[in-house]
Amino acid sequence: MLIKAADSTLLVVDVQEKLITAIDDGSRTVAAIKWLIDAAQLCGVPLAFSEQYPQALGATLATLRAAAPEAPSVAKTAFSCVAAQCLNGLPLDTRAQVIICGIEAHVCVLQTALDLQAAGKQVYVVSDAIGSRAASDKAQALARLAAAGVAVVSREMVLFEWLRDSKAAAFKDASKRLLQIAPALPFAEVLTTLPSVQGLVGLQLWRDGKLDAVIENKPGQAGSLAVYQALYRQFGAITPKAARLGQWLYGEHADDARLHPGKHPNIDRLFALEAMGGGYGVRLLSA
């Protein structure tokens with residue numbers, strides 16, 4: 001069954017300050033969720049945020065709240081939004097379809113989706129806008145959801161079904177703002193999604209058995225320390241694949257580095273690595 005804008009609600013599950021920094025590829029997950037929120041706003045689809053025990057895990061990321069400041073937010077301690085009964089009275093009470101994004105895929109997203117399906121809703125989980133701490137857990141969640149009959153969809157499937165026709169009033173804006181530009185975040189917002197560098201004094205980059213560079217935890221370098229630490233945690237080294245992600249994480253600073261070679265040496269290093277191959281070993285320096 002196709003998704004209909006007039007019949008659906010977007011539910012953003014638990015994208016919170018102290019959870020997102022542990023999520024595999026969390027920065028790109030947040031960018032995809034923000035893209036989906038913008039799509040819902042363009043198409044007139046109501047949305048809501050849930051938060052898992054926000055007293056301990058923090059509020060929904062500010063970048064997402066800013067994208068939909070009027071949307072309701074509900075707190076819970078149960079993993080499933082349905083078990084917590086926190087969705088009562090929200091627009092999805094009266095709408096047949098629920099589109100779900102958020103974290104964690106194998107816990108709160110999964111349990112919420114299965115409970116909503118059991119309650120008679122048509123449930124769609126957006127595969128490129130959910131995340132878990134481990135990629136394997138996300139994969140298991142998607143497999144289980146599909147086996148249970150929950151529709152697993154992509155962001156663009158959702159948007160094009162909300163629009164339905166290229167003559168739709170929102171199509172031109174959607175094409176310009178969402179379809180022609182890959183999901184991205186400003187660097188300052190990327191930093192809120194990366195693991196903390198508290199407790200680190202820096203990191204060393206080693207190549208061919210020799211120390212090549214040191215990135216310190218100090219003004220002017222702390223952002224690069226966060227990026228390189230995140231890449232190391234995800235890839236185990238700074239590889240060409242890590243370099244491609246690193247350029248995306250740097251956002252507008254990577255664009256500036258392309259225009260001004262030498263101005264951003266830590267970004268230039270990633271450009272060179274992607275072009276020339278090889279890699280860097282990493283040694284974290286604790287306080």
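Here, the structure is the one placed above.
Residues numbered from 1 in each chain as written. Predicted model: local features only at pLDDT ≥ 70, side-chain atom pairs only at ≥ 80, totals over all residues. Heavy atoms only, no water.

Structural notes on the packing of aromatic side chains
Each aromatic ring pair is described using two quantities: the centre-to-centre distance and the angle formed by the ring planes. Taken as a whole and assessed by the stated rule, the structure comprises one aromatic pair. Centre to centre, the rings of phenylalanine 187 and tyrosine 250 are 5.6 Å apart; their planes meet at 20°, and the pair counts as stacked. Pair noted here: phenylalanine 187 is in helix α9 (residues 187-191) and tyrosine 250 is in helix α11 (residues 240-250), with a separation of 63 residues, a long-range link. Side by side, phenylalanine 187 and tyrosine 250 carry an identical accessibility label, which is buried. (Phe/Tyr/Trp six-rings, centres within 6.5 Å; stacked < 30°, edge-to-face > 60°. Helix = DSSP H or I, 4+ residues; strand = E, 2+ residues; numbered from the N terminus. Buried < 20%, exposed > 50% of the residue type's maximum accessible area, 1.4 Å probe, protein only.)

Comments concerning the sheet that holds strand β9 (residues 281-286)
What the three strands build is an open sheet, ordered β8-β7-β9; its pairing is antiparallel. Edge strands, defined here as strands with exactly one partner in the open sheet, are β8 (210-216) and β9. Across the sheet, the axes of successive neighbouring strands diverge by a mean angle of 25°, strand direction being ignored. With six bridges connecting them, strand β7 (residues 200-207) and β8 associate as antiparallel partners. Across the sheet, arginine 207 pairs through a bridge with lysine 210, a residue of β8. With respect to the sheet, helix α10 (residues 222-235) is in contact with β7, β8 and β9, its orientation differing from that of β7 by roughly 60°. Sitting on the sheet, helix α13 (residues 265-276) is in contact with β7 and β8, with an inclination near 135° to β8. (Pairing = 2+ DSSP bridges. Axes fitted to C-alpha atoms, helices over the stretch in contact; angles between N-to-C directions. Contact = heavy atoms within 4.5 Å.)

Observations concerning the layout of surface pockets
When its volume is computed, the largest pocket comes out at roughly 250 Å³. Together, 18 residues line the largest pocket, and Ile23, Asp25, Pro195, Ala230 and Gln234 are the ones closest to its centre. Mapped onto the lining of the largest pocket, the elements with two or more residues apiece are α2 (26-43), α10 and α11. Sort the elements by how many residues they give to the lining of the largest pocket and α10 lands first, with four residues. Within the lining of the largest pocket, the residues separate by chemical class into nine nonpolar, five polar and four charged. In terms of lining, the second largest pocket is formed by 13 residues, of which the most central are Gly220, Ser224, Tyr250, His264 and Asn266. Grouping the constituent residues of the lining of the second largest pocket by class yields five nonpolar, seven polar and one charged. (1 Å grid on protein atoms, 1.4 Å probe; cavity = no way out; pocket = protein on both sides within 12 Å on 5 of 7 lines; lining within 4 Å. Points joined across faces, edges and corners; volume = space filled by probe spheres on them. Nonpolar A, V, L, I, M, F, W, Y, C, P; charged D, E, K, R; others polar.)

Considerations on helix α5 (residues 105-118)
Look at α5: 18 Å from first C-alpha to last across 14 residues, which is about the 20 Å you get at 1.5 Å a residue. The complete set of buried residues in α5 reads Ala105, Val107, Cys108, Val109, Leu110, Thr112, Ala113 and Leu116. Each element contacted by the buried residues of α5 is listed here: β1 (8-13), β2 (47-52), β3 (73-76), β4 (97-103), β5 (122-131) and α6 (135-147). One or two positions beyond α5, positive phi appears at glycine 120, with a value near 100°. (Expected span 1.5 Å × (residues − 1).)

Notes on the pattern of salt bridges
Under the defined criterion, the tally for this structure stands at eight salt bridges. Measuring nitrogen to oxygen at the nearest pair gives 2.9 Å for the salt bridge that ties lysine 263 to aspartate 256. What makes lysine 263 exposed here is its relative accessible area of 51%. (Salt bridge = Lys/Arg side-chain N within 4 Å of Asp/Glu carboxyl O.)

Considerations on the side chain of glutamine 204
Relative to the helices and strands, glutamine 204 resides in strand β7. Classification of glutamine 204 as buried rests on a relative accessible area of 15%. Only 3.0 Å separates the side chain of glutamine 204 from the side chain of tryptophan 206, close enough to count as a polar contact. With residues near it in sequence (within four places) discarded, glutamine 204 still touches Leu211, Ala213, Val214, Gly281, Val282, Arg283 and Leu285. (Polar contact = N/O pair within 3.5 Å; in protein donor to acceptor, adjacent residues only side chain to side chain.)

Comments concerning the nonpolar core
Formed by 69 residues in total, the largest nonpolar core has its most connected members in Leu10, Ile37, Trp162, Leu205 and Ile238. The element best represented in this core is α2, accounting for 11 residues. With sequence-adjacent residues up to four places away left out, leucine 205 is seen in contact with Lys210, Leu211, Asp212, Ala213, Ile215, Tyr228, Ile238, Arg269, Tyr280, Gly281 and Val282. Counting 25 residues, the second largest nonpolar core, distinct from the first, contains Leu11, Leu90, Val123 and Leu145. (Core = buried A, V, L, I, M, F, W, Y, C linked by side-chain atoms within 4.5 Å.)

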